[in-house]
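Residue-level structure breakdown
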Amino acid sequence: MLEDRTAPAVFNFTGLGGNTLWEQPGNWDQPGVPSSGDEVNLAGHFVTSRQDDIYAYSVTGDGELTVNGSLMVSTSLTVGILHDFGSVMLCAHLSSEGSATLDLRGQLHLTDDSYFTLAGASRITGTEGVINGKGLVDMPGDTSLMITGNATLKSMHMLSGNTSLIGPGTLNITGTLVCDDNHWIGAGTLNVLPGAQFNTYTYNTLDIHGWTINNYGITNLTEGIIAPEDSTFNNYSTFNCSAVVDATNSVFNNYAGATFNMARGATAIWTINNDGTFNWWVASEIDSTGSPLNNKADGVFNITPLTAVTMRNWTINNDGITNRIGGPINSQKELHVQQQRGWGF
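How each quantity is defined
- Residues numbered from 1 in each chain as written.
- Predicted model: local features only at pLDDT ≥ 70, side-chain atom pairs only at ≥ 80, totals over all residues.
- Heavy atoms only, no water.
- Helix = DSSP H or I, 4+ residues; strand = E, 2+ residues; numbered from the N terminus.
- Buried < 20%, exposed > 50% of the residue type's maximum accessible area, 1.4 Å probe, protein only.
- Contact = heavy atoms within 4.5 Å.
- Polar contact = N/O pair within 3.5 Å; in protein donor to acceptor, adjacent residues only side chain to side chain.
- Pairing = 2+ DSSP bridges.
- Patch = residues over 30% accessible without salt bridge, like charges linked within 9 Å, V, L, I, M, F, W, Y side chains within 5 Å.
- Areas by Shrake-Rupley, 256 points an atom, 1.4 Å probe, with all protein chains shown as cover.
- Salt bridge = Lys/Arg side-chain N within 4 Å of Asp/Glu carboxyl O.
- Core = buried A, V, L, I, M, F, W, Y, C linked by side-chain atoms within 4.5 Å.
- Phe/Tyr/Trp six-rings, centres within 6.5 Å; stacked < 30°, edge-to-face > 60°.
- pLDDT = per-residue confidence, 0-100.

1. Comments concerning the environment of L71
With respect to the element layout, L71 can be found in strand β7 (residues 70-73). Among the residues examined, L71 registers a relative accessible area of 1% and is labelled buried. If sequence neighbours within four positions are ignored, L71 has contacts with W22, I54, Y55, L65, S87, V88 and M89.

Have a look at this one:
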């Protein structure tokens, strides 16, 4: 039997059916409505689906698509604005056009090997929207993503330069968020949920301005410089930092039962409030004017100098246990220690 090589039919939306409905046959330039094997061109039209299940091989256009039922796309979906009030299943590739908006109030499901590529200045709005599945949300270089609602994503990569993540919404990660040298602005909130990971591999600078990062999974900040400003980090699980920290007016809260592992030095560190375990392997100078370590009654602070360490302008308020584990601290210039209890230096 010969393989069926029938080319997909191309359905162009015309709107001549008297409304904006996808399910209205008179709105297309072909008989009937598109099916799973058909290519769909929405051009610049406003198109709406009812509570029905609709299908397409691919969808293109710079118009506005509202899905109230379910939409399944086999290959690629490219629109200017997508309102998802129901369920959209993508089997290959979703891309945003220029300054695109994804109004996500239902579910966008990315199947195996599928991906959602953001372009230009994109925006995710809506409340309680979910992007799940095994696919990937990808932000290439020179793009920005604004979160204005409450969005849940499984996996997202921001691995190219000059990418921006903009609040003021909430981004929940259930899989993996991977970042390079990005700019975070707009007072948003990132929740790294249990079982999820937030990983950075920057060789330049990751600027975080005005964000709150709540870590319930695993966070790994590696290489480069992490530069938080007016930001708050709340760690409830495991937080690993081997990047250089250059913080301004920022706070790190390490809660009871959590572990904060920090390697390398810092020119200006967070104000650290430690109720859990804080392990610091340090091999350089600590200079932290105005940013104290508050080691609370249940906190354990273990500092391991890997080489001779100089501490400058640092205040340690110790109500818990503080241990120096090996290695010399040759200079403690302007090191202030208050409320010494369990002091192991």
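Next comes the rest of the account.
2. Side note on the side chain of N215
Tracing the chain through its elements places N215 in strand β24 (residues 212-215). N215 gets classed as buried once you look at its relative accessible area, which sits at 0%. A polar contact is formed between the side chain of N215 and the side chain of N235, at a distance of 2.8 Å. When near neighbours in sequence (up to four residues on either side) are disregarded, N215 contacts V192, N234, N235, Y236, S237, T238 and F239.

3. What to know about unusual backbone geometry
Cis geometry marks the peptide bond from G167 to P168; its omega dihedral reads 20°. Within the secondary structure, P168 is located in the loop between β18 (163-166) and β19 (170-179).

4. Topic: the pairing of strand β20 (residues 182-185)
Burial along β20 is one-sided: N182 and W184 are buried, while H183 and I185, pointing the other way, are not. For β20 and strand β23 (residues 205-209), the ladder comprises two bridges, and the chain directions are parallel. Looking at the pairing, H183 lines up with D207 of β23.

5. Describing a nonpolar patch on the surface
Taken together, the side chains of Y55, M72 and M89 make up a nonpolar region of the molecular surface, amounting to roughly 240 Å² of accessible area. Checked against the element boundaries, M72 lands in strand β7.

6. Side note on the nonpolar core
Counting 70 residues, the largest nonpolar core has W22, L42, L65, I131, W184, L190 and W270 as the members making the most contacts within it. Filtering out sequence-adjacent residues up to four positions away, I131 remains in contact with L102, L104, L108, L110, F116, I124, V137, T152, L153 and K154.

7. Regarding the pairing of β18
Alternating positions in β18 separate into two faces, T163 and L165 on one and S164 and I166 on the other, with burial throughout. Pairing analysis gives three bridges linking strand β16 (residues 144-147) to β18, with the strands arranged parallel. Opposite M146, over in β18, you have I166 as the bridge partner. Examined bridge by bridge, β18 and β20 share four bridges and lie parallel to one another.

8. Quick notes on the environment of I173
Its location among the elements puts I173 in strand β19. Using a relative accessible area of 1% as the deciding quantity, one classes I173 as buried. Between the alpha carbons of I173 and Q197 there is a distance of 7.8 Å; along the sequence they are 24 residues apart. If sequence neighbours within four positions are ignored, I173 has contacts with L153, K154, L190, N191, V192, L193, A196 and Q197.

9. Some remarks on the packing of aromatic side chains
Tallied over the full model, the rule gives 18 aromatic pairs. Geometrically, the ring pair formed by F233 and F239 is edge-to-face, given 6.1 Å between the ring centres and 85° between the ring planes. When sorted by exposure, F233 lands in the same class as F239, which is buried. Relative to Y255, the ring of Y236 lies with its centre 4.7 Å away and its plane at 0°, an arrangement referred to as stacked. With a gap of 19 residues between them, Y236 in the loop between β27 (232-235) and β28 (238-241) and Y255 in the loop between β30 (251-254) and β31 (259-263) connect regions that are remote in the sequence. Owing to a relative accessible area of 36%, Y236 belongs among the partly exposed residues under this scheme.

10. Considerations on the confidence of the model for the protein chain
Residues of the protein chain with pLDDT of at least 70 account for 80%, and the chain-wide mean is 82. Counting contacts from residues 1-5, a segment whose pLDDT is below 50, to residues more than four positions away or on other chains yields zero contacts. Confidence drops under a pLDDT of 50 for residues 330-336, and excluding neighbours within four residues, the segment shows 19 contacts in the predicted structure.

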